[in-house]
There are 2 protein chains.
Amino acid sequence: MTQVYDRVALIGLGLIASSMFWAIKRGGLAGEVTGYARSAETRDKAREIGLCDRVCDTAIDAVKDADLIVLCVPVGAMGAVAEEIAPYLKPGATVSDVGSVKQSVIDAVGPHLPDDVHFVPAHPLAGTEHSGPTSGFAELFDNRWCLLVPVEGSDPEAVAKLRALWEGIGANVEEMDAEHHDLVLAVTSHTPHLIAYTMVGVADDLRRVTDSEVIKYSAAGFRDFTRIAASDPTMWRDVFLTNKDATLEILGRFTEELFALQRAIRTGDGDLLHAYFTRTRAIRRGILQAGQDVDSPDFGRGKAKK
Amino acid sequence: MTQVYDRVALIGLGLIASSMFWAIKRGGLAGEVTGYARSAETRDKAREIGLCDRVCDTAIDAVKDADLIVLCVPVGAMGAVAEEIAPYLKPGATVSDVGSVKQSVIDAVGPHLPDDVHFVPAHPLAGTEHSGPTSGFAELFDNRWCLLVPVEGSDPEAVAKLRALWEGIGANVEEMDAEHHDLVLAVTSHTPHLIAYTMVGVADDLRRVTDSEVIKYSAAGFRDFTRIAASDPTMWRDVFLTNKDATLEILGRFTEELFALQRAIRTGDGDLLHAYFTRTRAIRRGILQAGQDVDSPDFGRGKAKK
């Protein structure tokens, strides 16, 4: 691998940033990686485990002279961070992010950035149920997708460089526009997560009725929903608040379908149920054919380091 | 292991029956295992692969002189099979089943059985996304739960013998009553499955809009829902039709919760979302503490033999 950037700054030091750091080091993709986290505890922990070549006490220090600045904070915090660092960005530098929602990040970050800085939003589709600076590992993005969402006027060379970084990190890279990204993710990730959270919430209420049996017999289907429900609450709160329209649209379709199936159960319409369950087999075959299945279903999460 | 029954008859030769056969052979748990399937094609396939010591062309032949008869057909077909075989059951024999719903099986099968036959319904919590006579393997039930649901007046000795068989097959055995079983399974299995089917149905519609992207980016959460949606349509149709009350009750709670979260998204109530997502972490911890988690989430399915 060859170096892609002289200096990279990671703002926010959670699962994604720490995994990026280890992958950048593995690939020799940057000369120096600086890091900043809002909490002093996180910064201390980062220094203790050697996360980042240099951990800074302010975001401003971290971004100084950086060629690439990656915002790795919850989507709802991106705007404030961008506003804070904007005056200190090096001309010609690229600002990117790793948020799960793109239009709202573009709206929040874009207006703060000076004209001589490139803005190339990105979204790596990877994660685990663990969070924080100690949860990262170099392999998190290997063979995962990273979606680049260039904005109007994004410099092609800046986009190509960021692509090279993510490919060096191990990811497969695609480009798409923000609106499309947010809809596709609402279908493939955001709504499934909300549904799983909801199911676990229902069971949590019922657990008081059925004692520990919901847990004991969780392997019958429920268990995998709980893996999602251990994801970072702040990150997911922000996802739903910022991808509101697309999530509500897909949720609307979901409840419509669910009510149709519920009605079929109530009225005993076995033919409808059978036809529905037969139809859904096709999409499964599509996933197998596309080589997107793995032995260990993991809701897009790599195997987490313990 | 020691032999538990002289002769076992398996009625229906799908994933569960074929796995039971291989596990019974592995453990030397029965002198002879006979088998019957309605379809001549399935019977031929069974003979071809050595599934069952003797494959019979009628259910009546299969159950003759059997000490244990296990009904391994979809829940909706149990009553008719019981009616057909009832006159030919050996006095003192035990009739059991493997249905995912218990009260409706008891209602459908019980009235047909003669007084000198024991009835001990059962439900092994195991499966894969594959079905049919070639899908079985001896390890399917290893360390999985098998729930025995004795009916009023079930002979304790008959229950103990069936427990010994399932333990020999590799399962952990618990007893509970039918109503309770159906509620617990509605929470831990049936409703999660219906929800996953629904989500896949929604995506199947949207796939036409977003081309193959739903599949391409399915690893972000959606993929694991599709594993469920490849399960046997007939089996699941019958589950929902026969566990109607419990499923509708849990579905009612589910939509109530989902609407509360949907409203929070619409109104931008981040505090509610954050509190909800924080609360659901606790049940995940419970599952980890109970040792019910595995590295490979699989919706209760063992690793399927290809």
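Only a predicted model underlies this, so the values are computations on that prediction, with no experimental measurement involved.

Conventions we followed
Residues numbered from 1 in each chain as written. Chains lettered and ligands numbered in written order. Predicted model: local features only at pLDDT ≥ 70, side-chain atom pairs only at ≥ 80, totals over all residues. Heavy atoms only, no water. Domains from an automatic or database assignment. Contact = heavy atoms within 4.5 Å. Salt bridge = Lys/Arg side-chain N within 4 Å of Asp/Glu carboxyl O. Polar contact = N/O pair within 3.5 Å; in protein donor to acceptor, adjacent residues only side chain to side chain. Nonpolar A, V, L, I, M, F, W, Y, C, P; charged D, E, K, R; others polar. Pairing = 2+ DSSP bridges. Helix = DSSP H or I, 4+ residues; strand = E, 2+ residues; numbered from the N terminus. Axes fitted to C-alpha atoms, helices over the stretch in contact; angles between N-to-C directions. Buried < 20%, exposed > 50% of the residue type's maximum accessible area, 1.4 Å probe, protein only.

### Observations regarding the domain arrangement of chain A
Bring the parts together and some accessible area is lost; that lost area is often taken as the interface size. Residue and element names in this part refer to chain A. One can read the domain layout of chain A as domain 1 (5-176) and domain 2 (180-289). On a C-alpha basis, the centres of domain 1 and domain 2 stand 31 Å from each other. On the domain 2 side, the residues contacting the 16 residues of domain 1 number 15 residues. Where domain 1 packs against domain 2, one counts 0 salt bridges. Linking domain 1 to domain 2 there are 5 residue pairs in polar contact (both at pLDDT 80 or more). Residue composition of the side of domain 1 that touches domain 2, by class: 8 nonpolar, 6 polar and 2 charged.

### Points about the sheet that holds strand β7 (residues 122-124) of chain B
Residue and element names in this part refer to chain B. The 3 strands are arranged β7-β8-β9 in an open sheet whose pairing can be described as mixed. Each edge of the open sheet carries a strand with a single partner, namely β7 and β9 (172-175). Taken pair by pair, the neighbouring strands of this sheet meet at an average axis angle of 20 degrees, ignoring direction. The sheet contact formed by strand β8 (residues 145-148) and β9 spans 4 bridges and is parallel.

### A closer look at the environment of Leu251 of chain A
Its location among the elements puts Leu251 of chain A in helix α11 (residues 244-267). For Leu251 of chain A, a relative accessible area of 0% corresponds to the buried category. When the C-alpha atoms of Leu251 of chain A and Ile195 of chain A are compared, they prove to be 8.9 Å apart, with 56 residues separating the residues in sequence. Setting aside its immediate chain neighbours within four residues, Leu251 of chain A contacts Thr191 and Leu194 of chain A together with Leu258, Gln262 and Ile265 of chain B.

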